[in-house]
Amino acid sequence: MLKRDPNATQPKFIYLNRRHFLVKTIPLAAGALLLAACSPEITPIPPTRANDSPKPQPTAPPALAASEIPPALAHTTAFSNVTADELGDPLNNFEQITNYNNYYEFSLDKEGVAGAAKNFTTSPWFVEVAGMVNKPGTFSIEDIYKKFDQQEHVYRLRCVEAWSMVIPWVGMQLSDLLKVVEPKPEAKYVKFTTVMRLGEMPNQSTPILQWPYVEGLRLDEANNNLTILATGMYGQPLTKQQGAPIRLVIPWKYGFKSIKAIVRIELTDQPIDNTWRNAASNEYGFYANVNPQVDHPRWSQATERRIGEFGRRRTLMFNGYENQVASMYEGLDLQANF
Ligand SMILES: Nc1nc2c(c(=O)[nH]1)N[C@H]1C(S)=C(S)[C@@H](COP(=O)(O)O)O[C@H]1N2
Ligand SMILES: [Mo]
């Protein structure tokens, strides 16, 4: 079990689905959870972080049998034994990162996702790249491992619910894939779609969200150096609960943009109606840039709880990646374009 502050209640995505829960027939357990959790309590930020509990120590992931590591991943940049991000904050450990997940196809219970995703089939796997490109194609996951350089990227992940982690991903730059398919000049956006797998993803049979899960980026955001398609973590293939075998990671945006289990990437000139915006457009936007000055209608975004720490820490503009990304939003009203 993870050690967490039992008093640090997080706001939960689930509340926003109230209208779905209320108008549709609902499982009793989900209804009870909703009622029990209707008033998110935000712990005030402590004046200093001096009294914080000891920081979590990185721990090695459980060793995988050699046969469990795809050959193409085994020789890519393995976990480098880095222990902190560039701001000096320690990595979350493997246990934390793989047992506290948002993946609504499987479960609304963060600690239940790992178990619920256990039997999800991730092989064979294909990613179709289509739309406004000169060279559309379908790539097997093995093609992707082989064709594209997989490197370590240590990023902060900040959920819109105001918790965060530091994660040592293994992945490739999305721009490397886009170069290969050659976007046409009229392409403005990139749309990502999660697999539809009714037999394996129980909540795809419920109306809690519109399925399949969809996300999108502007083309310039997709081409930013920080934007990766992750295939691994701690030098090993992604776990199922993390979105195996391939998921997006956009570290300056709220976690819901980082869509899991991608099967389709489409270049388009049409704005994208991403899943959470579609569910509640007054609460979740297209951009979803981490911004401590733009609160969620039901909770503050000024602070966050780093999993493994007590108390709260201040949320950084663009999640601490301002230097690398702010120029993309010059002249954009960030309050209006949340
Ligand atoms: N397909 C899909 N992708 C998803 C989600 C989801 O429910 N379904 N949840 C998102 C949210 S809200 C977050 S915070 C991150 C969590 O990633 P993690 O579980 O690896 O920490 O995944 C995102 N990607
Ligand atoms: Mo999230």
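Rules used in this analysis
Residues numbered from 1 in each chain as written. Chains lettered and ligands numbered in written order. Predicted model: local features only at pLDDT ≥ 70, side-chain atom pairs only at ≥ 80, totals over all residues. Heavy atoms only, no water. Helix = DSSP H or I, 4+ residues; strand = E, 2+ residues; numbered from the N terminus. Contact = heavy atoms within 4.5 Å. Areas by Shrake-Rupley, 256 points an atom, 1.4 Å probe, with all protein chains shown as cover. pLDDT = per-residue confidence, 0-100. Near = heavy atom within 4 Å. Polar contact = N/O pair within 3.5 Å; in protein donor to acceptor, adjacent residues only side chain to side chain. Nonpolar A, V, L, I, M, F, W, Y, C, P; charged D, E, K, R; others polar. Core = buried A, V, L, I, M, F, W, Y, C linked by side-chain atoms within 4.5 Å. Buried < 20%, exposed > 50% of the residue type's maximum accessible area, 1.4 Å probe, protein only. Phe/Tyr/Trp six-rings, centres within 6.5 Å; stacked < 30°, edge-to-face > 60°. Arc of directions from axis to C-beta. Salt bridge = Lys/Arg side-chain N within 4 Å of Asp/Glu carboxyl O. Pairing = 2+ DSSP bridges. Axes fitted to C-alpha atoms, helices over the stretch in contact; angles between N-to-C directions.

When helices and strands are counted, the protein chain shows ten helices and twelve strands. Long-range contacts, defined as pairs at least 24 residues apart, comprise 74% of the intrachain contacts of the protein chain with a sequence gap of at least 6. Accessible surface for the protein chain amounts to roughly 14,700 Å². Of this, 54% is attributable to carbon and sulfur atoms.

Right, let's talk about the confidence of the model for the protein chain for a bit. Per-residue confidence for the protein chain averages 85 on the pLDDT scale, and 77% of its residues sit at or above 70. Scored below 50 in pLDDT, residues 16–58 makes 70 contacts in the model with residues more than four places away or belonging to other chains.

It is worth spelling out the site of ligand 1 at this point. Near ligand 1 there are 16 residues, and of these N101, Y104, E105, S258 and K260 occur at the shortest range. E105 is positioned with one of its side-chain polar atoms (N or O) 2.8 Å from a nitrogen atom of ligand 1. With respect to ligand 1, the side chain of K260 contributes an N or O atom lying 2.7 Å from an oxygen atom. Surface burial for ligand 1 is 100%, taken as the share of its 530 Å² of free accessible area covered by protein chains. The class makeup of the residues in the shell around ligand 1 is eight nonpolar, five polar and three charged.

One finds W169, L177, F192, L229, L248, W252 and I265 to be the most contacted residues of the largest nonpolar core, which totals 87 residues. A per-element tally of this core places strand β4 (residues 163–173) first, with six residues.

Looking at the element boundaries, H296 is found in the loop between α9 (275–279) and β11 (303–306). You can call H296 buried: its relative accessible area is 4%. Polar contacts involving the side chain of H296 include one to the side chain of Y284, which spans 3.2 Å. Excluding its chain neighbours within four sequence positions, the residues that come into contact with H296 are E283, Y284 and Q301.

Turning next to the packing of aromatic side chains. Scanning all chains against the criterion turns up 14 aromatic pairs. Ring geometry for Y103 versus F106: centroids 4.8 Å apart, planes at 85°, classification edge-to-face. With respect to burial, Y103 and F106 carry one shared label: buried. Exposure remark for F106: the relative accessible area of 5% places this residue in the buried category.

Once that is clear, we can look at helix α7 (residues 174–181). The complete set of buried residues in α7 reads L174, S175, L177, L178 and V181. Take α7 and look down its axis: the buried residues cluster within an arc of 155°, on one side only.

We now examine the pattern of salt bridges. In this structure the tally under the stated criterion is 18 salt bridges. Linking D89 and R313 is a salt bridge whose minimum nitrogen-to-oxygen distance equals 2.9 Å. Residue D89 is located in the loop between α3 (71–74) and α4 (94–97), and its partner R313 is located in strand β12 (residues 313–314); the two are separated by 224 residues in the primary sequence. Residue D89 shares its accessibility class with R313, and that shared class is buried.

What follows deals with the environment of Y284. Here Y284 lies in the loop between α9 and β11. Residue class for Y284 comes out buried when judged on its relative accessible area of 1%. Y284 sits 54 residues away from F338 along the chain, and the two C-alpha atoms are 7.3 Å apart.

Considering the arrangement of structural elements, one finds D333 in the segment after α10 (322–325). Overall, D333 belongs to the partly exposed group, its relative accessible area being 43%. A polar contact is formed between the side chain of D333 and the backbone nitrogen of Q335, at a distance of 2.9 Å.

This next bit is on the pairing of β11. Because side chains alternate across β11, one face comprises the buried residues T303 and R305, and the other comprises E304 and R306, equally buried. Pairing between β4 and β11: two bridges, direction parallel. Bridging from a neighbouring strand, W163 pairs with R305 of β11. Two elements, β11 and β12, share two bridges in a ladder whose sense is antiparallel.

Overall, mixed pairing links the five strands, which are arranged β2-β1-β10-β5-β6 in an open sheet. Bordering the open sheet on either side are β2 (137–140) and β6 (214–218), each of which pairs with just one other strand. Shown here is a sheet whose adjacent strand axes are inclined to one another by a mean of 15°, direction ignored. Pairing analysis gives six bridges linking strand β5 (residues 189–194) to strand β10 (residues 262–268), with the strands arranged antiparallel. Looking across to β10, one finds that Y189 is bridged to T268.

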